[in-house]
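What follows is each chain in one-letter form.
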Amino acid sequence: VNRVVVVGAGLAGVRSVEALRARGFDGRITLIGQERHRPYDRPPLSKAVLLGDSDSSYVDSDLSAMGIDFRPGVSAKALRADAVETTEGELAYDGLVIATGTEPITLPGDGPQHVLRTLDDSLELRARLVPGARVAVIGAGWIGAEVATAARRAGCAVTVIEASSAPLALAVGEEIGARTLSWYDDIDLRLDTMVGSVDEGGVELVGGGFVQAHVVVAGIGVRPAVEWLADADIDLHNGVVTDEHLRTSMPGVVAVGDCAAWWSRRYQARLRVEHWDTALSAPEVAAATLLGEKAVYDPVPYFWSEQFGHMIQYAGHHPAGRRLLYRGTPEGKWSACWLTDEDTLAAVLSVDRPRDLVQGRRIIDAGHRLDTERLVDPDVPLRDC
Ligand code: FAD
């Protein structure tokens with residue numbers, strides 16, 4: 001490989017160029033990114049940046065010292081076997097990394113709505129979160145809960161509208177979500193409620209009703225940013241399909257981060273994980289693959305969320321579990337463990353119990369059986385169960 005193009009200058013993109021250089025690749029690397037910014041981390045956009053504790057979250061990476069030809073404000077439009085078509089002309093490649101991430105889904109309607117994906121989105125929304133503002137957050141998922149946290153702290157009157165019967169239901173199930181209900185104490189939480197459209201002055205609900213709002217935020221999920229690949233000869237299915245080496249169906253092309261749906265040897269399933277740790281770690285394997293080395297991407301997925309003063313952390317893949325057991329009660333610090341039929345740990349979710357997360361992640365990796373009677377005693381360390 002002599003000439004690598006990395007498409008997408010988010011975390012997965014910048015980690016890819018770092019990994020290529022770290023492996024001794026000294027050929028040409030061009031990194032293109034749709035945004036005008038140099039690479040930055042997104043988790044702070046709904047936390048420190050939105051709360052006003054920080055104004056940016058740039059990744060500490062010296063692209064020019066690494067000899068990277070970085071082109072901000074340039075989008076890929078199409079992919080061929082030997083070149084990428086961009087908004088600024090063609091770029092030839094013999095190795096390519098797809099790292100275009102995801103983009104937010106918006107709601108129908110002509111009224112103004114915010115999404116939260118970019119640094120610019122976060123700064124714009126932050127300016128609108130002023131005391132007394134009526135804020136309607138659509139979706140009580142990770143982003144919705146974090147936006148509600150920031151809006152409430154800014155002194156806004158917050159309504160959260162969620163289609164399911166509990167917060168976080170789509171991500172981790174209604175039973176877990178129900179354990180976070182008390183966190184919404186001074187928020188107008190409308191469950192089992194669908195938004196029809198965003199109109200001037202608020203949102204129209206399906207089946208009647210209107211929620212007045214000065215600020216509407218859609219936190220209803222994202223989709224892989226792969227439209228630019230529509231005409232390429234590459235397998236797409238819920239993102240860019242890859243094998244366990246992060247190789248796509250196109251020769252010399254790998255995919256990483258939010259946009260990649262990789263084959264997990266561990267779970268014998270195709271996973272696409274929209275979380276920071278994947279964007280951080282997958283590029284090591286993708287770079288090795290691109291350089292012809294043998295490497296397998298087989299992580300225990302991990303993420304966290306900070307909401308309503310609580311730290312939620314998750315490791316594993318709960319669809320691989322059958323039984324849900326708790327350590328601790330919802331009023332305090334607690335964890336949830338999903339167990340397989342063999343009583344091995346499929347996934348762990350901890351609320352303000354970081355040790356359970358760290359130990360659980362190791363147990364998942366090791367794959368040993370747990371003593372379920374000890375497990376439900378929150379005073380017994382998870383590693384001793
Ligand atoms: P992205 O970060 O989406 O980067 C992709 C880049 O590619 C973008 O800059 C995009 O503009 C660019 N691009 C897209 N299409 C093109 C194109 N055609 N040509 C050129 N460039 C293109 N995860 C956690 O684990 N914990 C958290 O607490 C957490 N909080 C988050 C909070 C927010 C507000 C957001 C938005 C995400 C959060 N995440 C969190 C998720 C995490 O940030 C993502 O998983 C991570 O950013 C994925 O990185 P990526 O590089 O794959 O994609």
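Residues numbered from 1 in each chain as written. Predicted model: local features only at pLDDT ≥ 70, side-chain atom pairs only at ≥ 80, totals over all residues. Heavy atoms only, no water.

Trainee: Looking at this model, I keep getting lost on the environment of Asp53. Mind explaining?
Mentor: In this structure, Asp53 sits in the loop between α2 (48–51) and β3 (68–72). Asp53 has contacts with Ala48 and Arg153, leaving out every residue within four places of it along the chain. (Helix = DSSP H or I, 4+ residues; strand = E, 2+ residues; numbered from the N terminus. Contact = heavy atoms within 4.5 Å.)

Trainee: Which parts of the structure should I look at to understand the pairing of strand β5 (residues 83–86)?
Mentor: Regular strands place side chains that alternate from one sheet face to the opposite one. Where strand β4 (residues 76–79) lies against β5, 3 bridges are found, and the strand directions are antiparallel. Bridged to Leu79 within β5 is Val84. If you look at the hairpin formed by β4 and β5, you'll find 3 residues sitting between the two strands. Judged from the 4 bridges that link them, β5 and strand β6 (residues 89–92) form a sheet pairing that is antiparallel. Within β6, the residue paired with Glu85 across the bridge is Glu90. With antiparallel pairing between neighbouring strands as the criterion, β5 and β6 make up a hairpin whose turn holds 2 residues. (Pairing = 2+ DSSP bridges.)

Trainee: Is there a simple way to think about the sheet that holds strand β24 (residues 334–339) in this case?
Mentor: Paired through backbone hydrogen bonds, the strands of a sheet run either parallel or antiparallel to each other. Ordered by their spatial adjacency, 5 strands build an open sheet running β21-β22-β25-β24-β23, and the pairing between neighbours is antiparallel. Each edge of the open sheet carries a strand with a single partner, namely β21 (302–307) and β23 (323–327). Taking the axes of each pair of neighbouring strands and ignoring which way they run, one obtains an average angle of 15° across the sheet. Pairing between β24 and strand β25 (residues 345–351): 6 bridges, direction antiparallel. Across the sheet, Trp334 pairs through a bridge with Val351, a residue of β25. The sheet contacts of helix α4 (residues 142–153) involve β21 and β22 (310–316), and relative to β21 the element is tilted by about 30°. The strands touched by helix α8 (residues 354–366) within the sheet are β21, β22, β23, β24 and β25, with β25 carrying the most contacts at an inclination of about 170°. (Axes fitted to C-alpha atoms, helices over the stretch in contact; angles between N-to-C directions.)

Trainee: Mind showing me how you'd approach the site of the ligand here?
Mentor: Around the ligand lies a shell of 33 residues, among which Glu35, Arg42, Lys47, Arg117 and Asp258 are the nearest. Within the backbone of Gln34, an N or O atom sits 3.1 Å from a nitrogen atom of the ligand. Here an oxygen atom of the ligand and a backbone polar atom of Trp276 are 3.2 Å apart. Burial of the ligand by the protein amounts to 94% of the accessible area it has alone, namely 990 Å². (Near = heavy atom within 4 Å. Polar contact = N/O pair within 3.5 Å; in protein donor to acceptor, adjacent residues only side chain to side chain. Areas by Shrake-Rupley, 256 points an atom, 1.4 Å probe, with all protein chains shown as cover.)

Trainee: Just to check I follow, could you spell out the pairing of strand β19 (residues 260–264) for this structure?
Mentor: Counted residue by residue, β19 has 4 buried out of 5 residues, so it is predominantly covered. Strand direction decides the pairing type here: strand β17 (residues 240–241) and β19, joined by 2 bridges, are parallel. Each bridged residue has a counterpart across the sheet, and for Val241 the counterpart in β19 is Ala261. Hairpin connection between β19 and strand β20 (residues 269–271): a loop of 4 residues separates the two successive antiparallel strands, and Gln268 in this loop has a positive phi of roughly 50°. (Buried < 20%, exposed > 50% of the residue type's maximum accessible area, 1.4 Å probe, protein only.)

Trainee: Where do I start with the domain arrangement of the chain in this structure?
Mentor: Where the parts come together, the accessible area they lose is often given as the size of the interface. Segmenting the chain into domains produces domain 1 (3–103 + 222–290), domain 2 (106–218) and domain 3 (309–384). Here the C-alpha centre of domain 2 lies 30 Å away from the C-alpha centre of domain 1. With 21 residues of domain 1 at the interface, the matching set in domain 2 holds 15 residues. Here domain 1 and domain 2 share an interface that buries about 1600 Å² over both sides, 55% of which is from carbon and sulfur atoms. Area buried by domain 1 at its contact with domain 2 is led by Ser46, Leu50 and Leu51, which between them contribute 35% of it. Where domain 1 touches domain 2, the interface holds 5 salt bridges. One can count 12 residue pairs in polar contact (both at pLDDT 80 or more) joining domain 1 with domain 2. The leading source of residues in the side of domain 1 that touches domain 2 is α2, at 3 residues. Split into classes, the residues belonging to the side of domain 1 that touches domain 2 amount to 7 nonpolar, 7 polar and 7 charged. (Domains from an automatic or database assignment. Buried area = accessible area lost by both parts, 1.4 Å probe. Salt bridge = Lys/Arg side-chain N within 4 Å of Asp/Glu carboxyl O. Nonpolar A, V, L, I, M, F, W, Y, C, P; charged D, E, K, R; others polar.)

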